[in-house]
Each structure stands twice: as structure tokens, then as C-alpha cells.
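# Summary of the model geometry
This is what each chain is made of:
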Amino acid sequence: MGNTMAARDWTPQVGARSFVAELGEDLAITCLTRLLVGEVRPSELTSEPWPYVLVSIGDGHAARLDTADPSQAYWQRCWAARALAYEGDAGVAPWLVRALADDHWRVRMTAVQTIGRLGIGGLEPEVAPLLDDPHARVRDAAALALGRLTRAALPGRERPGP
């Protein structure tokens, strides 16, 4: 597995798409959901496919990430949630819902953003409590996601856009 993408060409969307194209949808989504909910031990992150996964979804930041440092472990969960926003669908809802309870605010924020971006209906009861989250950015993301989910539920509306 090789990431031949030039750093200047990388965006979260391009990284996620090339990652899925390289590994195949099933394996890529499995990797992302396991990473999102913390099912990958730090000791595993130095063995394939994990270095490739992290570079694909985290770009240059991944190269600087100390995977042995528990205080930095939230980054890989954030990147996984963000990649799922581009390559996921309603099938990843159970993992996104689990991530809404993550200890780190960035993970909760990114998971709720992904739910809104994907327009995964029926999750309003899980999203609504984040309107009272201790972190303002999580509250804002929850409000936006609920707005998108509400609009998506209106007759004649398609999945919300970015």
C-alpha cells in the first residue's frame, strides 16, 4: 500500500476516496469504524494497514502523531469520523452514535457533523443531547446536524449537501 498523493493535492475528501479505492469499500469502512470507536490498540498502529490508514485520512499530521501517546489518540478517531463523512452511509450509524459519547469533544463534534452531512435520519434522539454538551463547538455542530436532518426529512428533499 502506498500513498503517492502529493501533500499539496491532499484534502480530507481526496484522502478518504483514495483510501477506499486502494483498500476496497468493505475493508476501508471496517478500518474507519474500528478506529473511530477506539477498537485499535496503540500497539497495532505501527503495523499495516494502520500507518497507511492514518496517512490517508490524516495526511501530514499523521506523520507527526505519536501513536503511543494516549493524549493524542483522539486525532485518529476524529480523522476516521471525517473520512466517514465522505465515504460512509447510514450503515456506519452505530459507530457514529458510539462516538457521540467519546471523551474528547473533537470526536463528538466530528461524529455529529458526519451524521448531519450524511443525513442519517432517525438519529435525532441521539444527537439532541449534544445541544447541552460542555463544549460550544459540539453544541453548534449538533444544532447544524439537527437542522440538516430536519430538512432532509421534509417531503421532496434529498440528502443534505456539504
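Structure: see above.
## Overview of helix 1 (residues 12-23)
Taking 1.5 Å as the rise per residue, helix 1 with 12 residues should run 16 Å; its terminal C-alpha atoms sit 17 Å apart, in good agreement. For helix 1, every residue scored as buried is listed here: Gly15, Ala16, Phe19, Val20 and Leu23. The arc that holds the buried residues of helix 1, viewed along the axis, is 125 degrees, so those residues lie on one side. Buried residues along helix 1 sit in contact with helix 2 (25-36), helix 3 (50-58) and helix 5 (74-87). Backbone geometry just downstream of helix 1 places glycine 24 in the positive-phi region, at approximately 90 degrees.

## Examining the pattern of salt bridges
For the structure shown, the criterion picks out seven salt bridges. Put simply, glutamate 87 and arginine 17 hold a salt bridge, and the shortest N to O gap is 3.0 Å. Taken together, the residues glutamate 87 in helix 5 and arginine 17 in helix 1 connect sequence positions 70 residues apart. The salt bridge partner of glutamate 44 is arginine 41, with a shortest N-O separation of 3.6 Å. Taking relative accessible area as the criterion, glutamate 44 reaches 18% and is therefore assigned buried. For arginine 41, a relative accessible area of 54% puts it in the exposed group. Bridged by salt links that share partners, the residues Arg34, Glu39, Arg41, Glu44 and Arg98 form one connected network.

Rules used throughout
Residues numbered from 1 in each chain as written. Predicted model: local features only at pLDDT ≥ 70, side-chain atom pairs only at ≥ 80, totals over all residues. Heavy atoms only, no water. Helix = DSSP H or I, 4+ residues; strand = E, 2+ residues; numbered from the N terminus. Expected span 1.5 Å × (residues − 1). Buried < 20%, exposed > 50% of the residue type's maximum accessible area, 1.4 Å probe, protein only. Arc of directions from axis to C-beta. Contact = heavy atoms within 4.5 Å. Salt bridge = Lys/Arg side-chain N within 4 Å of Asp/Glu carboxyl O.

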